[in-house]
Amino acid sequence: MHEMGIAQQLVQIAIDSIPRDIENPKVEKLNLRIGRLASVVEHSLTFCFEIITKDTPLENARLDIDVVPVTVHCKSCDNGWEVTGPVFKCPFCEDGDVEMLTGREIEITSLELADELKI
Amino acid sequence: MEINIQKKVLEANDTEADINRTFFKDQNVFVLNMMSSPGSGKTQILCKTLAKLMPHVRVGVIVGDICTTNDADRLKVTGAKVTQINTDQFGGDCHLAANLIIESAKQLGCEDLDLLIVENIGNLVCPAEFDIGEDARAVVLSVTEGEDKPLKYPLMFRVADVAILNKIDLLPYLDFDAKLVVDNMKQVHPHLPVFEFSAKTEEGLEPWLDWLKIKVFEKTGK
Ligand SMILES: Nc1nc2c(ncn2[C@@H]2O[C@H](COP(=O)(O)OP(=O)(O)OP(=O)(O)O)[C@@H](O)[C@H]2O)c(=O)[nH]1
Ligand SMILES: [Mg+2]
Ligand SMILES: [Zn+2]
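Not measured: the values here are computed from a predicted model.

Cut-off values and rules
Residues numbered from 1 in each chain as written. Chains lettered and ligands numbered in written order. Predicted model: local features only at pLDDT ≥ 70, side-chain atom pairs only at ≥ 80, totals over all residues. Heavy atoms only, no water. Contact = heavy atoms within 4.5 Å. Salt bridge = Lys/Arg side-chain N within 4 Å of Asp/Glu carboxyl O. Polar contact = N/O pair within 3.5 Å; in protein donor to acceptor, adjacent residues only side chain to side chain. Core = buried A, V, L, I, M, F, W, Y, C linked by side-chain atoms within 4.5 Å. Buried < 20%, exposed > 50% of the residue type's maximum accessible area, 1.4 Å probe, protein only. Helix = DSSP H or I, 4+ residues; strand = E, 2+ residues; numbered from the N terminus. Donors = N, O, S within 2.8 Å, 3.2 Å for Na, K, Ca; no water. Arc of directions from axis to C-beta. Phe/Tyr/Trp six-rings, centres within 6.5 Å; stacked < 30°, edge-to-face > 60°.

Every contact between the two is made by 34 residues of chain A and, on the other side, 29 residues of chain B. In this assembly, chain A and chain B are joined by 1 salt bridge. Among the ionic pairs, R104(A) bridges to E129(B), the shortest N-O distance being 3.7 Å. Applying the counting rule to chain A against chain B returns 15 residue pairs in polar contact (both at pLDDT 80 or more).

As structure tokens, this is what we get:
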């Protein structure tokens, strides 16, 4: 539901990252990493992104989303594993103190610019 | 041409949240972020909680609401300092962001408070994602919402430090399995403290008040 805010941040970060000396930059792709437990709905992010990038260097840019699995570590027994459902109980020691290592990321890793047009 | 970026998208909010944390530490006030779906009883719980805590614990409340002042009006009756954030001025947002909290906290004045409670916007998804610089997060679930909610909204129950199962006065009228919902919470968050009570009848309220008083004391020494 806050995908619009996320899309706005994406655009802001992307625009700030384009080198100033590039004339008429055109972004083809934004590479993102989004954790499986991050509250981001991919199609609504794409939808918001399309709306707010009209008439900007990001118009028609694609969002390439790398989904990051949820991985955890049990501080009590030192085991680690990937969580695939909403269950965080330690299967090894039953009562462990489980911390999340990955799965909440909402990150922009890079952007890909179209080659400059030679006229 | 590929340009390397490597940035967190919510970094701006995280930075603001750290500023808030420092501010709240300087003010020596404990901050609780209270979250739930709409209508779980956050305001009702706060009315009862404040009535019991005040004036021994000096409480202030920031209420987020999309567009009314109803909740703030209900809370002011307890004598607590209350301020409201209506997010419609900011685009009808679904959560309170860190930068809004500090403005309201300053407006409220934290120097004579021991506890500041933020009643977040009613939503089980978005507020979990936005750090506001709080010391603890409470999630409220009421018995009319279904036993599966912790499994459907795992992030909220993961990030919570305490959970309240509210409206237990309604249990006799419902096919709601209170043990199952608590089990589901513990699946998502094994050591989560869960308090079961009714903000209507005040049954079971005391253990929650004790938990809160201890937390405030641990941080502020007050
Ligand atoms: N029976 C019963 N009703 C309750 C209880 N707690 C709250 N209510 C009722 O539930 C309704 C919603 O309560 P609120 O306190 O406004 O809920 P809220 O979470 O603050 O709602 P929003 O701020 O709109 O998200 C009101 O009609 C309350 O009187 C309870 O323990 N038992
Ligand atoms: Mg309310
Ligand atoms: Zn373990």
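Attention now goes to the nonpolar core. Residues and elements named next belong to chain B. One finds L32, L115 and W208 to be the most contacted residues of the largest nonpolar core, which totals 33 residues. Contributing elements (two or more residues each) for this core: β2 (30-36), α2 (42-53), β3 (59-65), α3 (70-76), β5 (115-119), β6 (136-142), β7 (162-166) and α8 (205-220). The biggest single contributor to this core is α8, with 6 residues. Every residue in contact with L32, bar those within four places of it in the chain, is listed here: L116, I117, V118, A136, R137, A138, W208, W211 and L212. Formed by 31 residues, the second largest nonpolar core is a distinct cluster that contains V159, L165, V181 and V194.

Any two of four tetrahedral donors ideally make an angle of 109.5 degrees at the metal, while pairs among six octahedral donors ideally make 90 or 180 degrees. Residues and elements named next belong to chain B. Coordination of the magnesium ion (ligand 2) by the protein involves T43 (OG1), D71 (OD) and E119 (OE), with metal-donor separations of 2.1 Å. Sequence spacing of the donor residues for the magnesium ion (ligand 2), all on one chain, is T-x27-D-x47-E. Note that D71 is positioned in helix α3 and E119 in strand β5, a separation of 48 residues in sequence. For D71, a relative accessible area of 12% translates into the label buried.

It is worth spelling out helix α2 (residues 42-52) of chain A at this point. Residue and element names in this part refer to chain A. Along α2, the positions that sit buried rather than exposed are L45, C48 and F49. When α2 is viewed along its axis, its buried side chains cluster within an angular range of 100 degrees and face the same direction. Relative to its buried face, α2 has exposed residues pointing more than 90 degrees away, namely H43 and F47. Where α2 is buried, its residues touch α1 (3-17), β1 (27-35) and β2 (62-68).

With that settled, consider the coordination of the zinc ion (ligand 3). Residues and elements named next belong to chain A. Listed as protein donors to the zinc ion (ligand 3) are C74 (SG), C77 (SG), C90 (SG) and C93 (SG); their distances from the metal cover 2.2 to 2.3 Å. For the zinc ion (ligand 3), the single-chain donor residues occur in sequence as C-x2-C-x12-C-x2-C. Of this pair, C77 sits in the loop between β3 (70-74) and β4 (80-83) while C93 is found in the loop between β4 and β5 (98-102), placing the two residues 16 residues apart along the sequence. The exposure class of C77 is partly exposed, given its relative accessible area of 26%.

With that settled, the discussion passes to the packing of aromatic side chains. Residue and element names in this part refer to chain B. According to the stated counting rule, one finds 6 aromatic pairs over all chains in the structure shown. On the basis of an interplanar angle of 45 degrees and a centroid distance of 6.5 Å, the ring pair of F197 and W208 is categorised as tilted. Taken together, the residues F197 in the loop between β8 (194-196) and α8 and W208 in helix α8 connect sequence positions 11 residues apart. The residues F197 and W208 share a single accessibility class, namely buried.

No statement about biological role is implied by the geometric values presented.
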